[in-house]
Amino acid sequence: MLIAIPGVLSKDEVRQAHGQLVQAEWEDGLKTAGTLARSVKRNQQLADGSPLAVELGNAILRKLAANPLFISAALPAKIYPPKFNCYRDGGTYGAHVDSAVMQVPGSSVSVRSDLSATLFFAEPDAYDGGELEIEGPFGVQSVKLQAGDMVLYPSSSLHRVTPVTQGARLAAFFWIQSMVADEGERALLFDLDQSIQSLTPCVAADDGALLKLTGVYHNLLRRWATV
Ligand code: NI
């Protein structure tokens, strides 16, 4: 399941962050590429732990903690501190699968990557190419969102970033370990929760059917969640 989360950052917030990122010192993305990625990864990244990466990363995490759509879709248990990349001058990242377990730099914390996230900082008309292409059961989906929007997709999927032939594609990327590891179970919970949220304004707060559905949601979550 691929879920777009609009407006994680406001236009003002993303404009300010974009200005900071444009002036940042970028390093070769190969520095953090695994053996297989080395042959397909051509981009730049902010150094882990650099003041700007930490500041913007924390701002993103604060926003996500208060975003009901993100919580509903991801059911996050742990989030890897956001990293930042820049694709320009033909920069690209060929087809790959993200590593299953990520060690948070400078800590003993590990995060299992259930979901991958990309948060866009550049408007789509500011660069050519740079589509995030994700292979799923129904074929390849191509994603290029407005600045401030984020996409969540299964970390198990093959994905790539097409070459950026003009302009610069700036983005944050990170991984989420979900309380519900199984993608199918998580998708069912998301659909159920979204349906309950849509029904809630239409019926009385003590409506019996709504209460039962809410109970089903929580009882499934109790059955499937690992905390
Ligand atoms: Ni990836």
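The structure presented is a predicted model; accordingly, all values stated were derived computationally and were not measured.

Engineer: Hey, could you run me through the side chain of asparagine 85 in this one?
Structural biologist: Relative to the helices and strands, asparagine 85 resides in strand 6 (residues 83–88). Ignoring any residue separated from it by four or fewer positions in sequence, one finds asparagine 85 in contact with Trp26, Asn43, Gln44, Gln45, Arg169, Leu170, Ala171 and Phe173.

Engineer: Could you clarify how one ought to interpret the domain arrangement of the protein chain in this entry?
Structural biologist: When the parts of a complex come together, some accessible area is lost, and that lost area is often used as the size of the interface. Parsing the protein chain into structural domains produces domain 1 (3–178) and domain 2 (183–224). For domain 1 versus domain 2, the distance between C-alpha centres works out to 30 Å. Contacts between domain 1 and domain 2 engage eleven residues on the former and eight residues on the latter. Counting across the interface, domain 1 meets domain 2 through zero salt bridges. Here domain 1 is connected to domain 2 by three residue pairs in polar contact (both at pLDDT 80 or more). Here the side of domain 1 that touches domain 2 gets four residues from one element, more than from any other, and that element is helix 3 (residues 68–74). Its residues assigned to classes, the side of domain 1 that touches domain 2 comprises seven nonpolar, three polar and one charged.

Rules behind the numbers
- Residues numbered from 1 in each chain as written.
- Predicted model: local features only at pLDDT ≥ 70, side-chain atom pairs only at ≥ 80, totals over all residues.
- Heavy atoms only, no water.
- Helix = DSSP H or I, 4+ residues; strand = E, 2+ residues; numbered from the N terminus.
- Contact = heavy atoms within 4.5 Å.
- Domains from an automatic or database assignment.
- Salt bridge = Lys/Arg side-chain N within 4 Å of Asp/Glu carboxyl O.
- Polar contact = N/O pair within 3.5 Å; in protein donor to acceptor, adjacent residues only side chain to side chain.
- Nonpolar A, V, L, I, M, F, W, Y, C, P; charged D, E, K, R; others polar.

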